[in-house]
Amino acid sequence: MNDIKAQQGIVIAAYRRYTLVKDNTDQFIQCQQRKSVGQLVCGDNVIWQAESENSGVITAIEERRSILQRPDINNKLRIIASNIDQVFIVVANKPALNEGLIDRYLVAAENSHLTPIIVLNKTDLCSQQEITELKKRLKLYQDIGYTVIYTSAKQEHGLDSLKNHLKNNNNIFVGQSGVGKSSLINSLLKSDARVGEISQATGKGKHTTTTAYLYFLDNDKGQIIDSPGVREFGLVKLSEPEIANGFIEFKPYLGYCKFRNCAHKNEPGCVLLNAVDENKISKKRWDSYQRIIASLTETR
Ligand SMILES: Nc1nc2c(ncn2[C@@H]2O[C@H](COP(=O)(O)OP(=O)(O)OP(=O)(O)O)[C@@H](O)[C@H]2O)c(=O)[nH]1
Ligand SMILES: [Mg+2]
Ligand SMILES: [Zn+2]
């Protein structure tokens, strides 16, 4: 009789045909799953039973401490990863920095109670003037209270600072395709995650990483999930108040408008509009908030 006792494991990657699980002794096991288990995602803690030396069957998922979700092409919400603490929003000058995308990730992270950190990668590709310009744009986020880290995966710059924020935490790298998420992980861990070229024609990434994959930091405790790049990050199923809450610098003002149901458009006594007028809230972020609210009504 095989050893069929229940064991714990963590989902490294959930593929279409099987799920890769790492057990407590650092062995990798290809698992099928009981139907009742439901959708498995990278980072899930699972209970499984051995079937042969390196295959098994997953019988249960332990409760998820946190999740990061995003809508798929059919606008259906999908969980990208579970049991994470921090979301590293990786950006670059190529593909171009897009504050709208950063803001959407920030809203998603805040609403999932995850700590976002912004990483500007590929600093080696920037001229001094470009760096100054990018730092100015990202200072907006530092002023609000977010951490911004500057890295070059290619020249291995900024990796110590990145590592300091990664250690002892469960982390996920997100961002547009081609910004260098997998390259950063390779530089950090000396791993061999697949890295792809940027399309010469469009200047965009080629969606090289297709499935989220969990890596472990060598000595320090900590995990990093590499996730597939996106073109856009939609935010379905968040309400207007949830979106406002995702703009953390709005928080001191929320609930103080003259009208309880203030839409913050042109109502008298709107403390948010007032704060924008007084430059206490950046006009750039305010416009971004309005664009997200407008996009909600478009998709509904
Ligand atoms: N010059 C330079 N190139 C980089 C750097 N980081 C990544 N690249 C290059 O950018 C391209 C895309 O890198 P990837 O690591 O595949 O990007 P990704 O974010 O994982 O992309 P997806 O998996 O498609 O989401 C590759 O050609 C890398 O060699 C960097 O710091 N400097
Ligand atoms: Mg990748
Ligand atoms: Zn208002």
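Residues numbered from 1 in each chain as written. Chains lettered and ligands numbered in written order. Predicted model: local features only at pLDDT ≥ 70, side-chain atom pairs only at ≥ 80, totals over all residues. Heavy atoms only, no water.

(A) Layout of the nonpolar core. Ranked by size, the top nonpolar core spans 35 residues in total, and within it Ile102, Tyr141 and Ile172 carry the most contacts. Mapped by element, the contributors of at least two residues to this core are strand E1 (7-14), strand E7 (77-82), strand E8 (86-91), helix H1 (99-111), strand E9 (115-120), helix H2 (128-144) and strand E11 (170-174). Sorting elements by how many residues they give to this core places H2 first, with six residues. When residues of this core are assigned to domains, at least three map to each of domain 1 (7-61) and domain 2 (67-226). Counting residues in each nonpolar core, the second largest holds 20 residues, with Ile243, Cys262, Trp286 and Leu296 among its members. (Core = buried A, V, L, I, M, F, W, Y, C linked by side-chain atoms within 4.5 Å. Buried < 20%, exposed > 50% of the residue type's maximum accessible area, 1.4 Å probe, protein only. Helix = DSSP H or I, 4+ residues; strand = E, 2+ residues; numbered from the N terminus. Domains from an automatic or database assignment.)

(B) Inspection of the packing of aromatic side chains at higher detail. Using the criterion set out here, one finds eight aromatic pairs in the structure. Relative to Tyr18, the ring of Tyr15 lies with its centre 5.2 Å away and its plane at 45°, an arrangement referred to as tilted. The class for Tyr18 is partly exposed, based on a relative accessible area of 26%. Members of the aromatic cluster, each reached through a chain of ring pairs, are Phe247, Phe250, Trp286 and Tyr289. The ring of Phe216 has Lys22 lying over it, and the distance from NZ or CZ to the ring centre is 4.0 Å. Directly above the aromatic system of Tyr150 lies the positively charged group of Lys135, at a separation of 5.0 Å from the ring centroid. (Phe/Tyr/Trp six-rings, centres within 6.5 Å; stacked < 30°, edge-to-face > 60°. Lys NZ or Arg CZ within 6 Å of the ring centre and 35° of its normal.)

(C) Representation of unusual backbone geometry in the model. With an omega of -5°, the peptide bond between Lys94 and Pro95 qualifies as cis. Turning to its location among the elements, Pro95 is positioned in the loop between E8 and H1. One non-glycine residue with positive phi stands out, namely Asp26, at about 70°. Phi at Asn83 is positive, roughly 60°, even though this residue is not glycine. Note on placement: Asn83 falls in the loop between E7 and E8. Relative accessible area serves as the criterion here: at 6%, Asn83 is assigned to the buried category.

(D) Geometry of the sheet that holds strand E2 (residues 19-23). Strand order in the closed barrel formed by five strands is E1-E2-E3-E5-E4, with mixed pairing between adjacent strands. On average, each strand axis in the sheet is inclined to that of its neighbour by 55°, with strand direction left out of account. Across six bridges, the pairing between strand E4 (residues 45-52) and strand E5 (residues 55-61) is antiparallel. Note on E5: the bridge partner recorded for Gln49 is Val57. (Pairing = 2+ DSSP bridges. Axes fitted to C-alpha atoms, helices over the stretch in contact; angles between N-to-C directions.)

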